[in-house]
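# Analysis of the macromolecular model
As a plain string of letters, each chain reads:
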Amino acid sequence: MEVGIVFGGKSYEHEISIVSAIALKKVLTCKLIYIFCDANREFYLIPAESINAKRFSDGSYKKDPKLTLEQGGFTCKGLFGSKKIFCDVVLNLIHGADGEDGKLAGLFSFFGVPFIGPRLEASVLSYSKLWTKHLAEACGVKTLPYELLTPQQRTPSLAYPLIIKPLRLGSSIGVSVVRSEKTLEYALDVAFEYDDTVIVEPFVEGVREYNLAGCFTTQGVEFSIIEAPQKGELLDFDKKYLDFSRTATVSKAILEPSEEKCLKEAFEALYMPLFQGALIRCDFFMVKGEVVLNEINPNPGSMANYLFQDFDGLVHRLAKALPAPKEATVSYQYIHSIHAAKGKL
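Residues numbered from 1 in each chain as written. Predicted model: local features only at pLDDT ≥ 70, side-chain atom pairs only at ≥ 80, totals over all residues. Heavy atoms only, no water.

## A short note on the sheet that holds strand β2 (residues 31–37)
The mixed open sheet is built from 8 strands, whose spatial order is β6-β5-β4-β3-β2-β1-β7-β8. Each end of this open sheet is capped by a strand with a single partner; those strands are β6 (81–84) and β8 (115–116). Bridge count between strand β5 (residues 73–78) and β6: 4 bridges; the pairing is antiparallel. Counterpart to C76 in the pairing with β6 is K83. (Pairing = 2+ DSSP bridges. Helix = DSSP H or I, 4+ residues; strand = E, 2+ residues; numbered from the N terminus.)

Written out as structure tokens, the structure is:
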């Protein structure tokens with residue numbers, strides 16, 4: 001199988017996407033075709049054998065062949081016409097804007113490109129932390145209380161301590177824990193650097209947090225092991241950035257069977273059928289014995305490969321179970337019938 005890895009994008013998480021893409025080289029045995037989307041949203045074919053982070057930071061990638069997305073996939077234009085870049089499936093590995101907000105999903109669907117990743121509706125609902133809460137509520141999964149703040153309305157009503165997050169951003173960028181009014185304004189200034197709306201939630205001390213990934217494959221819904229991430233007060237950007245380069249399998253969290261069952265039931269309620277075609281990771285809290293959704297990662301860092309015992313096989317099984325789009329047939333029968341009945345239209 002030949003897998004196209006699309007990464008980069010015009011996003012605050014651009015560099016993290018590069019780290020994720022390079023990490024997959026160590027865990028996938030199939031042929032990888034690296035397709036880089038730069039900050040100008042231009043695509044380049046990157047040689048897999050010489051991919052490294054410096055190639056992008058110093059602009060060397062601009063010497064690589066430029067690609068165009070056309071019906072059926074990517075093409076490379078040369079002296080003797082266009083050549084199609086063959087991939088059995090394309091993997092959407094752009095984090096944040098472009099990859100997780102639905103732009104890339106819409107492009108791939110429009111051009112008939114088979115891809116691994118959230119479809120348009122799933123992207124829209126999981127990209128915004130507000131719509132994620134509405135989705136969870138509709139699926140019967142609890143979330144923390146919340147309120148939204150804007151530059152015009154900067155006064156929260158929830159009791160301290162609080163956690164403040166940009167509404168549409170991941171990787172803990174712009175996230176702060178606020179314990180008193182003294183540090184509120186600074187935390188809001190930081191968050192508003194990344195979004196014009198922020199979401200405020202109560203910060204729950206000593207909460208148990210668990211990460212669970214999975215996807216729908218030819219074998220049904222396959223779950224990863226459940227991880228209890230090692231973190232301090234907050235799983236910050238630096239810790240997540242390092243995690244995105246992980247390739248070694250992590251240790252399974254110690255849980256009661258009933259707790260593991262509840263986490264998997266919550267995951268499946270959120271996943272099916274909206275996220276079919278994607279490998280996602282859900283981050284949960286256990287609060288007073290109840291499962292509470294923290295967030296959905298529709299394109300998790302390094303595809304959460306470190307949570308799976310057989311990640312390579314999983315990608316193959318996922319690629320064979322992608323949802324088939326319903327194709328509309330255009331026949332012009334209606335126009336023909338009017339023409340036949342009344343003459344020229």
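## Side note on empty space enclosed by the protein
Here the structure, examined in full by the defined rule, presents 2 cavities of 30 Å³ or more. If you add up the space inside the largest cavity, you get close to 330 Å³. Residue lining of the largest cavity: 29 residues in total, with L169, G170, E295, I296 and N297 positioned closest to the centre. For the lining of the largest cavity, the secondary-structure elements that each account for two or more residues are α4 (120–127), α5 (129–139), β13 (198–202) and β17 (290–297). The dominant element in the lining of the largest cavity, judged by the number of residues it contributes, is β17, at 5 residues. (1 Å grid on protein atoms, 1.4 Å probe; cavity = no way out; pocket = protein on both sides within 12 Å on 5 of 7 lines; lining within 4 Å. Points joined across faces, edges and corners; volume = space filled by probe spheres on them.)

## What about helix α1 (residues 14–24)?
Most of α1 is tucked away: 9 of the 11 residues are buried. Among all positions in α1, only H14, I16, S17, I18, V19, S20, A21, A23 and L24 are buried. (Buried < 20%, exposed > 50% of the residue type's maximum accessible area, 1.4 Å probe, protein only.)

## Section: the packing of aromatic side chains
Under the defined criterion, the tally for this structure stands at 16 aromatic pairs. When the ring of F74 is compared with that of F108, the centres are 6.4 Å apart and the planes differ by 80°; the resulting orientation is edge-to-face. Of this pair, F74 sits in strand β5 while F108 sits in helix α3 (residues 103–110); the two residues are 34 residues apart in sequence, bridging distant segments of the chain. Ring geometry for F308 and F311: centres 6.2 Å apart, planes at 45°, overall tilted. Neither F308 nor F311 differs from the other in exposure class; each is buried. (Phe/Tyr/Trp six-rings, centres within 6.5 Å; stacked < 30°, edge-to-face > 60°.)

## Quick word on the pattern of salt bridges
Per the stated rule, a full pass over the model turns up 20 salt bridges. In this structure, D98 and K103 form a salt bridge, with 3.6 Å as the shortest nitrogen-oxygen distance. By relative accessible area, K103 is classed as partly exposed at 40%. Here E259 ties to R208 by a salt bridge, and the two come within 2.8 Å at their closest N and O atoms. (Salt bridge = Lys/Arg side-chain N within 4 Å of Asp/Glu carboxyl O.)

## What to know about the layout of surface pockets
Approximately 460 Å³ is the volume attributed to the largest pocket. Forming the walls of the largest pocket are 21 residues, and the residues nearest its centre are S109, F115, R119, P323 and P325. Counting residues per element, the ones that place at least two in the lining of the largest pocket are α3 and α4. Ranked by residue count, the leading element in the lining of the largest pocket is α3, at 4 residues. Per-class residue counts for the lining of the largest pocket are 12 nonpolar, 5 polar and 4 charged. (Nonpolar A, V, L, I, M, F, W, Y, C, P; charged D, E, K, R; others polar.)

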